[in-house]
Each structure stands twice: as structure tokens, then as C-alpha cells.
Amino acid sequence: MSIKENLEYIHNSIEEIALKNNRDISSIKLLAVSKTKPIELLQEAYNEGQRLFGENRVSEAEIKVPLLPKDAEFHLIGHLQSNKVKKACKYFKCIQSVDSLKIAKKIDKTCYEFNKVMDVYLDINIANDKNKTGFIVNDSFFTIFEELKELKNINILGLMCIGAHVEDRDEISNSFKDLRMLLNTLKSKYPDFNGDKLSMGMSSDYFEAIKEGSTMVRIGSSIFGSRL
Ligand SMILES: *Cc1c(COP(=O)(O)O)cnc(C)c1O
């Protein structure tokens, strides 16, 4: 299958799931996860109208971003190290993988120096998975959030998660539902917080994610083929 056919398939599939679940199709964006893939494939997707791309390494974005037209938008979806923050703030339109107060403060400080505001998502370790990064949701998360939302040079659009890594479809659904409920809790607890986005759903579980309110699915292998 070509990238064109894969994109058509995904768009149709997203539309079908949205219809089935009474979701407005325009509220669901597609992030094409292009990590490890060569620029020619990104260009092919771009030529088919794809504008949002997800990368998990700053070093890869540094090479790819300048090679695509300016209206292509890159989102960082992998853990960010302190020493890469400057470059991340330069090349990414959005950092979806903010997973500590420390890194958030560093992004904020860097963007203050760059005179810009960075769109971010908070990466939530929703299924409490030891092998994953992201905030664990407990009492101290809310204390941290109170500090995060005051940072002036980051704009928290919403929350991001990776679904539970299990076979059971209901358990996967539940992890996405938990993320949606956490966003609702934050919104009602902090009326000055107006983040309303949920980045959730990958090739294997975007059906469940859309059903539970995803506003951005992050799809890699179903568009670009499997990664080695
Ligand atoms: C790799 C990756 C994806 C895409 O995964 P696929 O299974 O290839 O669709 C989505 N989100 C994150 C955070 C990733 O690292």
C-alpha cells in the first residue's frame, strides 16, 4: 500500500468511528508519526495534504524540519532531555511530551528568551506503567499542575497519553477514559485553565481513543509502514 492509500484509509476510518460515536469529525486531528522514516516519505505525505508530523527525537527533527515546507508542523512526542530543550524549542511547534516540572520550567525559560510561547501537552502515565515516562496522577500531581499552569511561556493545550499496553480492549478504553476524566477534573478544579485537547490513540488503538474523546490521534506504522 502507498502512503496515499494509507492516508485515505486512515481518514475514512477516523470518519467512520467519529460518525459511530457522535463525534464531530473536524474535532479530530491526525498526527502522522514519522519517527525513523526518511524525508522522502514525509514529503509524500505532505503532498497528500498531511501537515502535522510527530517525531520522538530532537536530532531527527533538526534534520527533517528544514526540508519540508514551512506550513508543515512538527510535534515532539518523545521524552525530552534537558540538554535538548533549546533545539526542541527551535524546531517544534508543539511539545506533547512534557513529563516533569523541571523540563516544563526549562522550556518556559528558553521560550521567554526566544520571545515565544510553546504549545505543550502534559504526558500522563495514565496506566501507571513502570516502563513509561509521564506524570503519575496522585495528590502531588495537582500541586505540580498549579505551578505548571502559571508558566507564561508555555500554553498547556491538554493531556497526552499512551493507552494501556494490554490485550483487553475494555482496559485500553478505560485508560483513555481516565485521561478524559483527568482533563475534566483539571478544568473544573481550575476554571482559569482552558486546555481542552486529548492526544491519544495510535495505530493499534485509535478506535478506542476516538470513542473516548481523542482530539488528536498519533499514527505511525499504519501510514508509513512498520519500523524495524
Ligand atoms: C511511535 C509512537 C506513536 C505511533 O505509533 P504507531 O503504533 O506506529 O502508530 C504514537 N505515539 C507515541 C508517543 C509514539 O512514540
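Basis of the calculations
Residues numbered from 1 in each chain as written. Predicted model: local features only at pLDDT ≥ 70, side-chain atom pairs only at ≥ 80, totals over all residues. Heavy atoms only, no water. UniProt positions renumbered as here; feature names shortened; annotations may be inferred. Helix = DSSP H or I, 4+ residues; strand = E, 2+ residues; numbered from the N terminus. Near = heavy atom within 4 Å. Polar contact = N/O pair within 3.5 Å; in protein donor to acceptor, adjacent residues only side chain to side chain. Nonpolar A, V, L, I, M, F, W, Y, C, P; charged D, E, K, R; others polar. Axes fitted to C-alpha atoms, helices over the stretch in contact; angles between N-to-C directions. Parallel < 35°, antiparallel > 145°, perpendicular 65-115°, else oblique. Left-handed = near helix turned anticlockwise from the far one by under 90°. Contact = heavy atoms within 4.5 Å. Expected span 1.5 Å × (residues − 1). Buried < 20%, exposed > 50% of the residue type's maximum accessible area, 1.4 Å probe, protein only. Arc of directions from axis to C-beta.

An unreviewed UniProt entry lists the protein under the name Pyridoxal phosphate homeostasis protein, with Thiospirochaeta perfilievii as the source organism. Looking at the Sequence similarities (unreviewed entry) heading of the UniProt record, one finds this comment for the protein: "Belongs to the pyridoxal phosphate-binding protein YggS/PROSC family." Word for word, the UniProt comment on the protein under Function (unreviewed entry) is "Pyridoxal 5'-phosphate (PLP)-binding protein, which is involved in PLP homeostasis."

A. Layout of the UniProt feature "domain: Alanine racemase N-terminal" (unreviewed entry) in the protein. Look at the UniProt record and you will see "domain: Alanine racemase N-terminal" (unreviewed entry) annotated at residues 29-226. Helix and strand shares over residues 29-226 are 39% and 19% respectively, and the end C-alpha atoms of the span are 21 Å apart.

B. Representation of the site of the ligand within the structure. Around the ligand, the neighbouring residues are Val33, Lys35, Ile77, Ile162, Met202, Ser203, Arg218, Ile219, Gly220, Ser221 and Arg227. The separation between an oxygen atom of the ligand and a polar main-chain atom of Gly220 is 2.9 Å. A per-class count over the shell around the ligand returns five nonpolar, three polar and three charged.

C. Main features of the packing of helix α6 (residues 139-148) against helix α7 (residues 169-189). Interhelical geometry of α6 versus α7 gives an angle of 55 degrees and a closest axis separation of 12 Å. Viewed along their axes, α6 and α7 adopt a mutual orientation that is oblique. α6 and α7 meet at a crossing whose hand is right-handed. Here Phe141, Phe142 and Phe145 of α6 lie close against α7, whose contacting residues are Leu182, Thr185, Leu186 and Lys189. Within the contact of α6 with α7, the residues separate by chemical class into five nonpolar, one polar and one charged.

D. Main features of helix α1 (residues 3-20). Compared with the 26 Å implied by 1.5 Å per residue over 18 residues, the 26 Å span of α1 between its first and last C-alpha is a close match. Listed as buried for α1 are Ile3, Asn6, Leu7, Ile10, Ser13, Ile14, Ile17 and Ala18. The arc that holds the buried residues of α1, viewed along the axis, is 135 degrees, so those residues lie on one side. Of the exposed residues in α1, the ones pointing more than 90 degrees away from its buried face are Tyr9, Leu19 and Lys20. Buried residues in α1 make contact with β1 (29-33), α2 (39-47), α8 (206-211), β8 (216-219) and α9 (221-224). Positive backbone phi, at 55 degrees, marks Asn22, one or two positions downstream of α1.

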